[in-house]
Amino acid sequence: MEKELTFEQICKTIDLTAPTMDNYMYAYHFEQDYYHISVPALDRFRIPSASFHNVVETLRTFVYPNDFERLQKELDEIQTSDCCEHNLQYRWMSKDGAPIWISCRGTVIRQNGKPLYMMGCVNEIGERPKADNLSGLLRLNSLSEIFKRIIPGKETGFLLRLGIDDLRGINARLGIEYGDLAVQQTAECIQDSLEPGQEVYRIQGDEFLVTDYSKGTYTDAVNLFRRIRRRIDACMQQNHYEVLFTVSGGILMCEDIEDNSYSTIMKWSEFSLAQAKNKGVSTYARYSTEAYMLSLRKRDLLVSLRQAVYNNFEGFQAYFQPLFQPNGSLIGAESLMRFSSEEYGAVSPAEFIPILEESGLIIPAGKWIMRQAMALCKKFQSVIPGFKVSFNVSYIQFLNGNICEEILKTIKEFDLTPETVVVELTESGLLESNHHFSKKWKLLKENGVQMALDDFGTGYSNFHYLNELHPHIIKIDRSFTVSAMQNHEEYALLGILRQLAATLHLSFCIEGIETPEEFFQMSQLHPDYCQGYYFGKPCPSIAFIEQFANVNV
Ligand code: C2E
Ligand code: CA
Ligand code: CA
């Protein structure tokens, strides 16, 4: 290659063009053992100065140690061979010492066969592109700079994070091209809906972020979301519904932002979008610190619960609440799960049972309480023959575990009559009753286990389930008991339900009786069993035995 510029001229060119470039030009004079790189590289890498002598030793201070040998070999080869090109991908250390992948390319200028100098360019290859050619929008990494403009606590302004609902499913069902079209159309519809001062960026596959740092209020954010949604609908109509999809939106108001760090803002806006998606498709939600803290608590609680399960159920306890006949005789007990830890104290079952169910931990925990229940049952039967113990089984346990087989096996192990074991199923889970579930339910019934429908009167298709499942017992939820105490018609309805149970030969259990008045009113309905604080609060098995072992004896 013919020499056209002097080395000094090259260095001058590097300095002149540096402010206009995202990558870093450099020049390396072999004979003078001198290196020059564009100044912005100093902001990024652990380079001591833009120009330095003693090149190889200085390189050693910012080249990632594991990669230095490879670089040195390459530089030696330039000296000893006649190659005219340098092309190596390796790592430099960032200012804070993190390894950053770079691609270093250069042209070697030779004189009489000997390398004189090399000039070229360093690119960061780990860096994500700043624009997105599919959506035509700017990309995420331009955002970290932009977030710095947010003034925490400012009364107006917002971020609206938009996500295409189930883009992964769309891609899988209809193909990537179809998914790409959805992304393009969403980007266009968002852009068409923006007002002055609002900008949109593409974050990742199926998500976009609109920023409004000026005057936008919460109502403006909601209106913007609705405008985008209408625009997408109109777009789909125009295209004769060739591409069908919906979007959800999470709104983060500047007034709710406490610190404007990139990771916090991304985390919170992501959370608000997740909240919207939890509500269902094509809807929006506003970030709230309270909901966010609750989700963190839920996450941490899950960790504690998981540890407890694997630590031989340390922290779990089985409580028992008595079941009486209206004539005052103790007939059995319902077992109820309790959980406490040093960190959280006693946690309400209303909080931890759904976490166990969502995580699947209810399968081992449910087996554990079943054993506790049967153990107490066996103990009590020596004092009260025929004493029944019930335990709650989630729909999830029926669907995913082998709980039915476990129940039958454990009944044998404890040598119990199956008729004294009661499985309580909460009705809410039944809404999606399926064949597998019906089979398991039948299996238990055929083996003599007593089946109860819990929380009766709180769900939707009660009567349908009665017919389909033929439980032995229906348990009336406390909310029904309370409203029947206050409302004449509700009380009449409860009476009809009671008659229906009698006609179908089902036992009728009224839960949540707290006061003598409630007991008086409810006993007019002649329930088979009663349960509630009036008869006894749930307590550990030792306290239960102390309190009730002499009853009826
Ligand atoms: P549930 O099965 O309907 O249990 C009855 C709930 O009513 C219990 O709440 C009990 O403490 C409460 N209760 C009983 N009598 C009274 C009363 O007179 N007044 C009032 N206000 N409440 C009364 P708990 O123990 O908090 O359990 C709540 C729910 O958590 C249970 O409702 C059940 O659905 C679930 N759960 C508890 N233990 C288990 C378990 O081992 N497995 C499963 N899958 N769910 C469980
Ligand atoms: Ca129950
Ligand atoms: Ca209940």
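Preceding block: the structure.
Summarised in this report is the structure supplied together with it.

Criteria and cut-off values
- Residues numbered from 1 in each chain as written.
- Chains lettered and ligands numbered in written order.
- Predicted model: local features only at pLDDT ≥ 70, side-chain atom pairs only at ≥ 80, totals over all residues.
- Heavy atoms only, no water.
- Buried < 20%, exposed > 50% of the residue type's maximum accessible area, 1.4 Å probe, protein only.
- Helix = DSSP H or I, 4+ residues; strand = E, 2+ residues; numbered from the N terminus.
- Arc of directions from axis to C-beta.
- Contact = heavy atoms within 4.5 Å.
- Disulfide = S-S within 2.5 Å.
- Phe/Tyr/Trp six-rings, centres within 6.5 Å; stacked < 30°, edge-to-face > 60°.
- Axes fitted to C-alpha atoms, helices over the stretch in contact; angles between N-to-C directions.
- Parallel < 35°, antiparallel > 145°, perpendicular 65-115°, else oblique.
- Nonpolar A, V, L, I, M, F, W, Y, C, P; charged D, E, K, R; others polar.
- Near = heavy atom within 4 Å.
- Polar contact = N/O pair within 3.5 Å; in protein donor to acceptor, adjacent residues only side chain to side chain.
- Areas by Shrake-Rupley, 256 points an atom, 1.4 Å probe, with all protein chains shown as cover.
- Donors = N, O, S within 2.8 Å, 3.2 Å for Na, K, Ca; no water.
- 1 Å grid on protein atoms, 1.4 Å probe; cavity = no way out; pocket = protein on both sides within 12 Å on 5 of 7 lines; lining within 4 Å.
- Points joined across faces, edges and corners; volume = space filled by probe spheres on them.
- Salt bridge = Lys/Arg side-chain N within 4 Å of Asp/Glu carboxyl O.

## Looking at helix 1 (residues 7-17)
So, point 1. Every buried residue belonging to helix 1 is among F7, I10, C11 and I14, and all of these are buried. Along the long axis of helix 1, the arc covered by the buried residues comes to 100°, so they all point the same way. More than 90 degrees from the buried face of helix 1, the exposed residues found are E8, K12 and L16.
So, point 2. Structurally, helix 1 contributes buried residues whose contacts are with strand 1 (24-29), strand 2 (34-37) and strand 6 (114-124).

## Some thoughts on the state of the cysteines
So, point 1. Across all of its chains, the model carries zero disulfides by this definition.
So, point 2. Of all cysteine sulfurs, the one in C189 lies closest to C235, which takes part in no disulfide; the gap is 4.1 Å.
So, point 3. You can call C235 buried: its relative accessible area is 14%.

## Quick word on unusual backbone geometry
So, point 1. The phi torsion at D33 lies on the positive side, around 50°, for a residue other than glycine.
So, point 2. With respect to the helices and strands, D33 occurs in the loop between strand 1 and strand 2.
So, point 3. Despite not being glycine, D415 shows a phi value in the positive range, around 55°.
So, point 4. On the secondary structure map, D415 appears in the loop between helix 14 (403-413) and strand 18 (421-426).
So, point 5. Exposure remark for D415: the relative accessible area of 59% places this residue in the exposed category.

## Regarding the packing of aromatic side chains
Aromatic ring pairs: the centre-centre distance and the angle between the two ring planes describe each pair.
So, point 1. Scanning all chains against the criterion turns up 37 aromatic pairs.
So, point 2. With a centroid separation of 5.6 Å and an interplanar angle of 80°, the aromatic rings of Y24 and F45 are classed as edge-to-face. Pair noted here: Y24 is in strand 1 and F45 is in the loop between helix 2 (41-44) and strand 3 (51-53), with a separation of 21 residues, a long-range link.
So, point 3. Residue class for Y24 comes out buried when judged on its relative accessible area of 10%.
So, point 4. The exposure class assigned to F45 is buried, which follows from its relative accessible area of 1%.

## Describing the packing of helix 14 against helix 15 (residues 435-446)
A packed helix pair is summarised by two numbers, namely the angle formed by the two axes and the spacing between the axes.
So, point 1. Running from amino to carboxyl end, helix 14 crosses helix 15 at an angle of 10°, the nearest separation of the two axes being 10 Å. Taken together, the axes of helix 14 and helix 15 are roughly parallel relative to one another. For the pair helix 14 and helix 15, contact is made by C404, E405, I407 and L408 and by K440, L443 and L444, respectively.
So, point 2. A breakdown of the residues in the contact of helix 14 with helix 15 according to their chemical character gives five nonpolar, no polar and two charged.

## Some details on the site of ligand 1
So, point 1. Residues in contact with ligand 1 amount to 22 residues; listed here are only the nearest, Q321, R338, D454, E514 and Y533.
So, point 2. At 3.2 Å from an oxygen atom of ligand 1 is found a side-chain nitrogen or oxygen belonging to E334.
So, point 3. The side chain of E514 places a nitrogen or oxygen atom 2.6 Å from a nitrogen atom of ligand 1.
So, point 4. Contact with the protein chains hides 81% of the accessible area of ligand 1, taken as 790 Å² for the molecule alone.

## A word on the coordination of the calcium ion (ligand 3)
Put simply, a metal with four donors set out as a tetrahedron has ideal angles of 109.5 degrees, and one with six donors set out as an octahedron has ideal angles of 90 or 180 degrees.
So, point 1. Binding of the calcium ion (ligand 3) to the protein goes through D454 (OD), D455 (OD), E511 (OE) and E511 (OE), at separations of 2.2 to 2.8 Å.
So, point 2. Between the calcium ion (ligand 3) and the calcium ion (ligand 2) the interatomic distance comes to 4.0 Å, and D454 is a ligand of both metals. Linking D454 in strand 19 (residues 450-456) with E511 in the loop between strand 21 (507-510) and helix 19 (516-523), this pair joins segments that are 57 residues apart in sequence.
So, point 3. Given the relative accessible area of 4%, D454 is considered buried.

## Digging into the coordination of the calcium ion (ligand 2)
So, point 1. Binding of the calcium ion (ligand 2) to the protein goes through E334 (OE), N392 (OD1), E424 (OE) and D454 (OD), at separations of 2.1 to 2.3 Å.
So, point 2. Going along the chain, you hit the donors of the calcium ion (ligand 2) in the pattern E-x57-N-x31-E-x29-D.
So, point 3. Given a relative accessible area of 25%, N392 falls into the partly exposed group.

## What about empty space enclosed by the protein?
So, point 1. Per the counting criterion, the structure on display carries two cavities of 30 Å³ or more.
So, point 2. Estimates place the volume of the largest cavity at around 110 Å³.
So, point 3. L323, K388, S390, V422 and I473 are, among the 13 residues lining the largest cavity, the residues nearest its centre.
So, point 4. Among the elements of the structure, strand 15 (330-341), strand 17 (388-393), strand 18 and strand 20 (473-476) are those that each provide at least two residues to the lining of the largest cavity.
So, point 5. Among the residues making up the lining of the largest cavity, the classes are represented as eight nonpolar, two polar and three charged.
So, point 6. Space inside the second largest cavity adds up to approximately 70 Å³.
So, point 7. Y26, Y28, Y35, L59, L71, L75, H86, Y90, W92, C104 and M118 together form the lining of the second largest cavity.
So, point 8. At the level of elements, strand 1, helix 4 (65-80) and strand 4 (85-93) are the ones that each hand at least two residues to the lining of the second largest cavity.

## What to know about the packing of helix 17 (residues 478-486) against helix 19
So, point 1. Two elements in contact, helix 17 and helix 19, have axes separated by 11 Å at closest approach and are oriented at 90°. The angle between helix 17 and helix 19 places the two elements in the roughly perpendicular class. Contacts between helix 17 and helix 19 involve R478, T481, A484 and M485 from the first element and E517, E518, Q521 and M522 from the second.
So, point 2. Its residues placed into classes, the contact of helix 17 with helix 19 shows three nonpolar, two polar and three charged.

## Re the pattern of salt bridges
So, point 1. The full count for this structure, using the stated rule, is 22 salt bridges.
So, point 2. Across the pair E207 and R161 runs a salt bridge, and its minimum N-O distance is 2.7 Å. With E207 in strand 11 (residues 207-212) and R161 in strand 9 (residues 158-164), this residue pair connects regions lying 46 residues apart in the sequence.
So, point 3. Among the residues examined, E207 registers a relative accessible area of 10% and is labelled buried.
So, point 4. On the basis of relative accessible area, R161 is assigned to the buried category, the value being 2%.
So, point 5. One salt bridge connects D256 with R286, and the closest N-O pair in it is separated by 3.1 Å. Of this pair, D256 sits in the loop between strand 12 (247-253) and helix 9 (262-279) while R286 sits in strand 13 (residues 284-286), and the two are 30 residues apart along the sequence.
So, point 6. Judged by its relative accessible area of 31%, R286 falls in the partly exposed class.

## So, the environment of F463
So, point 1. Among the structural elements, F463 can be located in helix 16 (residues 462-469).
So, point 2. The class of F463 is exposed, set by a relative accessible area of 53%.
So, point 3. For the pair F463 and L500, spaced 37 residues apart in sequence, the C-alpha separation works out to 9.7 Å.
So, point 4. Not counting residues up to four positions away in its chain, the partners in contact with F463 are L497 and L500.

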